[in-house]
Amino acid sequence: MSLGIVVVSHVPEIAAGVQRLLAQVAKDVSITIAGGTDDDQVGTSMAKITEAFDANTADELLAFYDLGSAKMNLEMAIEMSTKPVHLYDTALVESAYTAASLLQADVPLADVEAQLAPLKIK
């Protein structure tokens, strides 16, 4: 079973920037993003989130987001996903980076989640 990461941000450039950062420490981890609305404005898109789930080559996903409405769209997309998705109410950049680096090192999910717990902010 492989684990991947999905990053959801209200701002397309933030999502892309976080993906770029994570790629520096997790070259073997599938990382997909959903940034902005369908017309690339500030906001979120359930369609983009669903596409990010589908495009991710991992069997199971860890999802990170920035603001509340992103969580709402993530929750709806998770209900329709065929993959298990774990949603974290944590600091976006810090937790996604932590998870990516640990997944790259083949750390088990339970241990990744233990490292993410102190980053809970929402």
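Owing to the predicted nature of the structure, the values given are computational and were not obtained by experimental measurement.

## A word on the overall build of the protein
Turning to step 1, where the next piece is worked out: Within the protein, the secondary structure is distributed over 5 helices and 4 strands.
Turning to step 2, where the next piece is worked out: Reading the secondary structure of the protein in the N-to-C direction produces β-α-β-α-β-α-β-α-α.
Turning to step 3, where the next piece is worked out: Taken over C-alpha atoms, the radius of gyration comes to 13 Å for the protein, in line with the 14 Å a tight globule of 122 residues would show.
Turning to step 4, where the next piece is worked out: Seen through its C-alpha atoms, the protein measures out along the principal axes to roughly 35 × 25 × 25 Å.
Turning to step 5, where the next piece is worked out: Considering the protein as a whole, with its 122 residues, one finds that 47% of them fall into the buried category.
Turning to step 6, where the next piece is worked out: The long-range share in the protein, meaning contacts at least 24 apart out of those at least 6 apart in sequence, stands at 72%.
Turning to step 7, where the next piece is worked out: Of the accessible surface of the protein, which amounts to about 6100 Å², a share of 55% is contributed by carbon and sulfur atoms.
Turning to step 8, where the next piece is worked out: Counting 7 positive and 17 negative side-chain charges, the protein places the averaged centre of each group 4 Å from the other.

## Focus on the UniProt feature "domain: PTS EIIA type-4" (unreviewed entry) in the protein
Turning to step 1, where the next piece is worked out: Listed under "domain: PTS EIIA type-4" (unreviewed entry) in the UniProt record, and renumbered for this structure, are residues 2-122.
Turning to step 2, where the next piece is worked out: Counting secondary structure, residues 2-122 comes out at 46% helix and 18% strand; the distance between its end C-alpha atoms is 27 Å.

## A short note on the environment of E94
Turning to step 1, where the next piece is worked out: Take E94: it is sitting in helix α4 (residues 92-104).
Turning to step 2, where the next piece is worked out: The sequence separation of E94 and L119 amounts to 25 residues, and the corresponding C-alpha distance is 7.6 Å.

## So, the side chain of E60
Turning to step 1, where the next piece is worked out: Considering the arrangement of structural elements, one finds E60 in strand β3 (residues 60-65).
Turning to step 2, where the next piece is worked out: Although buried, E60 forms no salt bridge, and the nearest oppositely charged side chain, K83, lies 11 Å from it.
Turning to step 3, where the next piece is worked out: Setting aside residues up to four positions removed in sequence, E60 forms contacts with M1, S2, L3, G4, P84, H86 and L109.

Thresholds, definitions, all that
- Residues numbered from 1 in each chain as written.
- Predicted model: local features only at pLDDT ≥ 70, side-chain atom pairs only at ≥ 80, totals over all residues.
- Heavy atoms only, no water.
- Helix = DSSP H or I, 4+ residues; strand = E, 2+ residues; numbered from the N terminus.
- Rg over C-alpha atoms; globule rule 2.2 N^0.38 Å.
- Buried < 20%, exposed > 50% of the residue type's maximum accessible area, 1.4 Å probe, protein only.
- Contact = heavy atoms within 4.5 Å.
- Areas by Shrake-Rupley, 256 points an atom, 1.4 Å probe, with all protein chains shown as cover.
- Lys, Arg positive; Asp, Glu negative; His and termini not counted.
- Charge placed at Lys NZ, Arg CZ, Asp CG, Glu CD.
- UniProt positions renumbered as here; feature names shortened; annotations may be inferred.
- Salt bridge = Lys/Arg side-chain N within 4 Å of Asp/Glu carboxyl O.

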